[in-house]
Amino acid sequence: MKNSASIMKSALWLMLLLVLPLQIIAASLGEVGKRLASLPGVSNVETLKSKHFQEKYVFFINQLLDAKDASKGNFEQRVILCHRGFDRPTVLVTEGYNANYGLREGYIEELSEIFNTNIVLVEYRYFDKSMPTPCLWQYLTVENSLYDLHHVNQTLRTMYKGKWIATGISKGGQTTMFYRSYFPDDVDISVPYVAPLNRSVEDGRHEKFLQHKVSTKENRQKVLDFQLLLFKRKATLLPMLDEYCRKQHYTFNAPIDEIFDFSVLEYAFAFWQWGYDINKIPTATATDRQVFDYWINMCEPNYFANQNTLISFNVHAARELGYYGYYTKPFKKYLSIKTAKGYLRRLMLPKGTEDTRFEPALYRHTVDYLTHNDPKMVYIYGDIDPWSASGVYGLPFTKNKQNLHVYMLKGGSHSTRIQSFPKPTRQEIINLIGGWLEPTADN
């Protein structure tokens, strides 16, 4: 009997040790956190501080590696929830990369700020805390990522029954667009920001845009002149680049002189993408150090290095998302490379993925959906952003639509947002989305 009592006592203590931490965690959660923690597949709910929301949490949700084959295994995907009210609309941020920025106390999203909504920020699979172990690249597909979003949406709809808006920026904007085409009824409204719809790994439209369309002929020439200046000073700047990369412990899949060439070619895209000041481009009177520092600040060679933290994006671009190429004709006599074609596969893919081939099925599916449907969507672009060259602006399926709208900001870069537009246009966009958010007979 004494032994039995001792065993029972030990078992009780063990049970208390297991249960008490759960009770402590539950006690630290607010009403929203407790409801969240009770949802199927949700784990590790933690409270975050927020300057804008009543309650804010980070948590993980269990996802299938292969959305159509549960036998392939699972992974944990990180999600951030910012709560304003169960009766408020919900913005689903279809992030294309990691969600680290959402952890900040001051984090808020443009649509949520304008329309006083909740936020559900979903980190993209294969980025940061949402990286499966082991890393099996064959499951990094757009379709699988959209099933991730669908699962998050369906799980959290038990808490948030109002209208939902999907939105994302750049790769996240692509995800917003693809998500609507795969699961058209998951959300009521979609707002992709600066989202390209590329046709191939090197789409071709970006090079023509940088050569002939962006800004003015005079400004395009200033960017070209700086690239020529870099090449003319290659004998001096190349050792500086080599020293810089050695100090940063960068390694590459090509010799440093070829990395120099690609970094100079990249300059034009980087300059216009972020809308740098044309008047601050160094001229022939600048010192080598001034030229180098300006260039390296804009075209960090880590972009081409094996240490690049965005290799998941590179794999995805090569497989389905597409990318851009470089035009080399003005620089032929300076180049160490024979051709710039195929640079993504050659320089930027991790081992084991070098044979990745682009599949155009996603592009075709999206165009087909947008051609035959008229979803409530607002596309936002800037007209000096090279990504706008492969955006949906001006494409046939955007015409004669009642609900699908495309706004292009004159002089706008990749940083273009709704608030970037002049007041009349800005108010037009806000009124449009606000009208869609009004309660209807069904909602």
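Each value, and the rule that gives it
- Numbering of residues begins from 1 in every chain and follows the order in which that chain's sequence is written.
- For this predicted model, a pLDDT threshold of at least 70 governs which residues receive local features, and a threshold of 80 or more governs which side-chain atom pairs are given and counted, while totals over whole chains, interfaces and linings are taken from all residues.
- To get the side-chain values, all heavy atoms of the structure are used, and hydrogens and water are removed first.
- Aromatic pairs are defined between Phe, Tyr and Trp rings, using the six-membered ring for Trp, whenever the two ring centres lie within 6.5 Å; interplanar angles under 30 degrees are classed as stacked, those over 60 as edge-to-face, and all others as tilted.
- Working definition: with a 1.4 Å probe on protein chains only, accessible area under 20% of the residue-type maximum means buried, over 50% means exposed, and in between means partly exposed.
- Runs of H or I in DSSP of at least four residues are treated as helices and runs of E of at least two as strands, each being numbered from the N terminus.
- Criterion for a charge above a ring: Lys NZ or Arg CZ within 6 Å of the ring centre, and within 35 degrees of the ring normal.
- By definition here, a helix of n residues has an expected span of 1.5 Å times n minus one.
- We call two residues contacting when some pair of their heavy atoms lies within 4.5 Å.
- Inter-axis angles, ranging from 0 to 180 degrees, are taken between N-to-C directions of lines fitted to C-alpha atoms, where helices are fitted over the stretch in contact.
- For classification, angles of less than 35 degrees are called roughly parallel, those exceeding 145 degrees roughly antiparallel, those between 65 and 115 degrees roughly perpendicular, and all remaining angles oblique.
- Crossings are assigned a handedness: left-handed for a near helix turned anticlockwise from the far helix by less than a right angle, right-handed for a clockwise turn.
- Residues are sorted three ways: Asp, Glu, Lys and Arg are charged, Ala, Val, Leu, Ile, Met, Phe, Trp, Tyr, Cys and Pro are nonpolar, and all the rest, Gly among them, are polar.
- Only strands that DSSP links by at least two bridges are regarded as paired with each other.

K.L.:
Explanation requested: the packing of aromatic side chains in the structure shown.
P.N.:
Enumeration over the complete set of coordinates arrives at 37 aromatic pairs. Between the aromatic rings of Y124 and F127, the centroid separation amounts to 6.2 Å while the plane-to-plane angle is 85°, which identifies the pairing as edge-to-face. Its relative accessible area of 4% is what places Y124 among the buried residues. Residue classification places F127 among the buried positions, given a relative accessible area of 4%. A centroid spacing of 5.5 Å and a plane angle of 65° characterise the contact between F313 and Y323, whose relative ring orientation is edge-to-face. Of this pair, F313 sits in helix 11 (residues 311-321) while Y323 sits in the loop between helix 11 and helix 12 (343-348), and the two are 10 residues apart along the sequence. Judged by relative accessible area, F313 falls into the buried class, the value being 9%. Among the residues examined, Y323 registers a relative accessible area of 5% and is labelled buried. The ring of F86 carries the charged tip of R35 above its face, separated from the ring centre by 4.3 Å. Directly above the ring of Y124 sits K171, whose terminal nitrogen or CZ lies 3.4 Å from the centroid.

K.L.:
I would appreciate a short explanation of helix 14 (residues 423-437) in the present structure.
P.N.:
Each full turn of the α-helix corresponds to 3.6 residues, which orients residues three or four apart in the same direction. Here helix 14 contains 15 residues, and its C-alpha end-to-end distance of 21 Å stays within 8% of the 21 Å for a straight helix at 1.5 Å per residue. Taken as a whole, helix 14 has its buried residues at I429, I430, L432, I433, G434, W436 and L437. Buried residues in helix 14 make contact with helix 3 (110-115), strand 6 (164-169), strand 7 (189-193), strand 8 (377-382) and strand 9 (404-409).

K.L.:
What is the right way to read the packing of helix 7 (residues 217-232) against helix 9 (residues 256-274) from this model?
P.N.:
When two helices pack together, their arrangement is captured by the angle between the axes and the distance separating the axes. Helix 9 packs onto helix 7 with a crossing angle of 160° between their chain directions and a minimal axis gap of 10 Å. Judged on the interaxial angle alone, helix 9 and helix 7 are roughly antiparallel. The hand of the helix 7/helix 9 crossing is right-handed. Residues N219, R220, V223, F226, Q227, L230 and F231 of helix 7 touch helix 9, and the partners they reach there are F260, D261, V264, L265, Y267, A268, F271 and W272. Here the contact of helix 7 with helix 9 is composed, by residue class, of 11 nonpolar, two polar and two charged.

K.L.:
Is there a simple way to think about the sheet that holds strand 4 (residues 90-94) in this case?
P.N.:
One key point about sheets: their strands pair by backbone hydrogen bonds, in either a parallel or an antiparallel sense. Strand order in the open sheet formed by nine strands is 1-2-3-5-4-6-7-8-9, and the pairing between neighbours is mixed. The open sheet has two edge strands, strand 1 (42-47) and strand 9, and neither has a second partner. Each strand of the sheet is rotated relative to its neighbour by a mean of 20°, with strand direction disregarded. As judged from the six bridges shared by strand 8 and strand 9, these two strands associate in the parallel manner. The residue bridging Y381 from the neighbouring strand is M408, located in strand 9. Docked against the sheet, helix 4 (residues 142-156) engages strand 1, strand 2 (55-64), strand 3 (74-83), strand 4, strand 5 (118-122) and strand 6, running at close to 125° with respect to strand 2.

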